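# A structural walkthrough
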Amino acid sequence: MSDHIPMRVAVVGATGFQGGAAARLLVERGHRVRTLSRRPEGDRPDLPGVSFGGGDLGRFEDVRQLFEGATHAAVGMPLVYQAEKVLRYAQNIARAARESGVRRLVYNANTRVPSRTTNVAGFETRRLAETVFREGLAQSGVELVVVRPPVYLDNLFSPWNGPALMTEGVLAYPLPADAEIAWLSHRDLAEAVFAALTVDGIAGRCFDIGGPVGLTGENLAAAFGRGLGRDVRYVALEPTVFEQGLSHLLGPEAAAGISGIYHYMATGMEPGLLAADGGVWSTALSVKPARAEEWVARQPWHTWTETGPENEPEPAAATVAAPATTSTTSTTSTSTETESSHDV
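Residues numbered from 1 in each chain as written. Predicted model: local features only at pLDDT ≥ 70, side-chain atom pairs only at ≥ 80, totals over all residues. Heavy atoms only, no water.

### Description of the overall build of the protein
Tallying secondary structure elements over the protein gives 11 helices and nine strands in all. Counting only residues that meet the buried cut, the protein has 57% of its 344 residues in that class. By sequence separation, contacts in the protein at least 24 residues apart represent 76% of the contacts at least 6 residues apart. Just so you have it, the protein exposes about 14100 Å², and 48% of that area is on carbon and sulfur atoms. (Helix = DSSP H or I, 4+ residues; strand = E, 2+ residues; numbered from the N terminus. Buried < 20%, exposed > 50% of the residue type's maximum accessible area, 1.4 Å probe, protein only. Contact = heavy atoms within 4.5 Å. Areas by Shrake-Rupley, 256 points an atom, 1.4 Å probe, with all protein chains shown as cover.)

Written out as C-alpha cells, the structure is:
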C-alpha cells in the first residue's frame, strides 16, 4: 500500500485531540478526510480540509454514510465507558467498514490494554471494541491494524501544568513516580496512525506505540528541565484527588472511567503497562518518535508567563481539562474526549 496514492479516509473522532491530530496530518499529506459530527455547522472545530457529515455513532445509517466511498478508516472511540454503548458503536463501525469495502481500518484504542481482564472500564471497553472489530472484520477483506498508545505529552502543556512548570518547576501527574512511561506526543500518534494506514505487511497486528524510552517521574522531570533550561521536579498526584477534580467537570461516571486507568497503575499490578516496547513498533511502522526533551523544546511555554487574553492559547477542539490540586499550588490536567465534547 503506497502513501503516495491519495486515500479517502473516514476518521471517527476527528473533533478530539487524538483523531484531530491524525486528520490534520492526513490532510497535510494530500489525502481526503471525512468525519462525523452531531454539532451544528457553526459549532464545529476548525479542521481545514476535513469534510463533516452530520450524525451519531449510535445510528448505523449515519455511520454507513460516513464510510461511503472511503478507502480507509481511522477509528478512535469517544471516551464513553458504558459497555452497551461502546458495543453498539463498534458494531456499527465494523458493519459500515464491511459494507463500504474499505481496504484497511486502523483502530486507536486510546490506551494500552492489560493482557488479563480487569474491572477497569477504561481498559475493558477498549478491549471490547477491538474484539468487535477483529470478529466483525474477519474474512471480510477489510484489514485491521490496532495501535495502543500510553499517555500523551500534550496533556502537560495546559493551564494546569504550564504555569507551575514555569514559575515553580513543578510537574504533577497522577502516575507513580517509579513507573516507566513511554510518553508520546499527539503528532507522533498521528504519524503512527498514518503509517498503520499505509505500511504493507502489517494487517492483523497490534502495536503498543509510545515514545522511544520509558521515563520515570524523575526522568520525565529531567527531560523537561533540559527542554526548559531550568530545574524541574515531579510530583505524583493521588488518582483519587485527580478523579475528584475531573468529576467537577465531567460528572462522576466519566471521571471514574478516565481515572480508573490511573488507579490501576497506582496498584503496581502491571508497572510495565505503559512502558516502551524496545523499538518494535517504530521499526515496523518506520516512525521515529520524538524524545520528551525534543517535544518540550518545541512548545511555546512562554504562553504561561505572559498575561492578557491575547496571550491565552486557543483550546484544542473537543477536550476537557481536569484540575487536581497538588501539595503545592500547582495543578494538572488530562486531555479527554467525552461523549458531550467528542462528536459521536
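### Observations concerning the pattern of salt bridges
Oppositely charged side chains can pair when the atoms bearing their charge come close. Under the criterion given, the structure shown has 13 salt bridges. Through salt bridges that share partners, Glu28, Arg29, Arg187 and Glu191 make up one connected network. (Salt bridge = Lys/Arg side-chain N within 4 Å of Asp/Glu carboxyl O.)

### Points about unusual backbone geometry
Its identity as a non-glycine residue notwithstanding, Asn110 has a phi of 70 degrees, on the positive side. With respect to the element layout, Asn110 can be found in the loop between β5 (104–108) and α4 (121–137). Note on Asn110: relative accessible area 10%, which makes it buried. Non-glycine residue Gln139 carries a positive phi angle of around 60 degrees.

### Some details on the packing of helix α8 (residues 239–250) against helix α9 (residues 252–267)
The contact between α8 and α9 brings their axes to 8 Å, and the two run at 165 degrees. Between α8 and α9, the angle falls in the class roughly antiparallel. The handedness of the crossing between α8 and α9 comes out as right-handed. Touching Pro239, Thr240, Phe242, Glu243, Leu246, Ser247 and Leu250 of α8 are Pro252, Ala254, Ala255, Ala256, Ile258, Ser259, Tyr262, His263 and Ala266, all from α9. Of the residues belonging to the contact of α8 with α9, the class tally is 11 nonpolar, four polar and one charged. (Axes fitted to C-alpha atoms, helices over the stretch in contact; angles between N-to-C directions. Parallel < 35°, antiparallel > 145°, perpendicular 65-115°, else oblique. Left-handed = near helix turned anticlockwise from the far one by under 90°. Nonpolar A, V, L, I, M, F, W, Y, C, P; charged D, E, K, R; others polar.)

### Concerning the packing of aromatic side chains
Centre distance and the angle of the planes are the two values used to describe a pair of aromatic rings. Under the defined criterion, the tally for this structure stands at 10 aromatic pairs. Where Phe123 meets Tyr264, the ring centres are 5.2 Å apart and the plane angle is 80 degrees; that geometry is what we call edge-to-face. A residue pair is termed long-range when its members are at least 10 positions apart, and Phe123 in helix α4 and Tyr264 in helix α9 qualify at 141 residues. Of the two residues examined, Phe123 and Tyr264, each falls in the buried class. Their ring planes at 75 degrees and their centres at 5.0 Å tell us that Phe157 and Trp301 sit as a pair that is edge-to-face. Remark: Trp301 occurs in the segment after α11 (292–298) and Phe157 occurs in the loop between β6 (143–147) and α5 (162–168); sequence separation between them is 144 residues. The buried category is assigned to Trp301, whose relative accessible area is 5%. Sitting above the plane of the Phe194 ring, Arg29 keeps its charged end 4.8 Å from the centroid. Lying across the ring of Phe60, Arg95 places its NZ or CZ 3.7 Å from the centre. (Phe/Tyr/Trp six-rings, centres within 6.5 Å; stacked < 30°, edge-to-face > 60°. Lys NZ or Arg CZ within 6 Å of the ring centre and 35° of its normal.)

### Some points on the packing of helix α1 (residues 17–28) against helix α6 (residues 186–198)
Any two packed helices are characterised by the angle at which their axes cross and by the distance between the axes. Two elements in contact, α1 and α6, have axes whose closest approach is 8 Å; the angle formed by their N-to-C orientations is 60 degrees. Classified by the angle their axes make, α1 and α6 are oblique. Of the two possible hands of crossing, α1 and α6 adopt the one that is right-handed. Of the residues in α6, those in contact with Phe17, Gln18, Ala21, Ala22, Leu25, Leu26 and Glu28 of α1 are His186, Arg187, Leu189, Ala190, Glu191, Val193, Phe194 and Leu197. Considering only residue class, the contact of α1 with α6 consists of 10 nonpolar, two polar and three charged.

### As for the sheet that holds strand β2 (residues 32–37)
Either a parallel or an antiparallel arrangement is found when strands of a sheet pair, and the pairing is made through backbone hydrogen bonds. Strand order in the open sheet formed by seven strands is β3-β2-β1-β4-β5-β6-β8, and the pairing between neighbours is parallel. Each of the sheet's edge strands pairs with one partner strand only, and the pair in question is β3 (50–54) and β8 (206–207). Judged from the four bridges that link them, strand β1 (residues 8–12) and strand β4 (residues 72–76) form a sheet pairing that is parallel. Along β4, the bridge assignment pairs Val9 with His72. (Pairing = 2+ DSSP bridges.)

### Some thoughts on the nonpolar core
Residues Leu175, Trp183, Leu220 and Phe224 are the most contacted members of the largest nonpolar core, which totals 37 residues. Mapped by element, the contributors of at least two residues to this core are β7 (170–173), α7 (217–228), α8, α9 and α11. It is α9 that provides the largest number of residues to this core, a total of six residues. Met7, Leu47, Ala196 and Ile202 belong to the second largest nonpolar core, which has 32 residues in total. (Core = buried A, V, L, I, M, F, W, Y, C linked by side-chain atoms within 4.5 Å.)

### Side note on the confidence of the model for the protein
Per-residue pLDDT for the protein averages 87, and the proportion of residues at 70 or more is 86%. Taken as a whole, residues 308–344 scores under 50 in pLDDT and shows 124 contacts with residues more than four places along the chain or in a different chain. (pLDDT = per-residue confidence, 0-100.)

### Here we look at the environment of Arg230
Tracing the sequence through the fold places Arg230 in the loop between α7 and β9 (233–236). A relative accessible area of 30% places Arg230 in the partly exposed class. For the pair Arg230 and Leu165, spaced 65 residues apart in sequence, the C-alpha to C-alpha distance is 9.3 Å. A distance of 2.7 Å separates a polar side-chain atom of Arg230 from the backbone oxygen of Met166. (Polar contact = N/O pair within 3.5 Å; in protein donor to acceptor, adjacent residues only side chain to side chain.)

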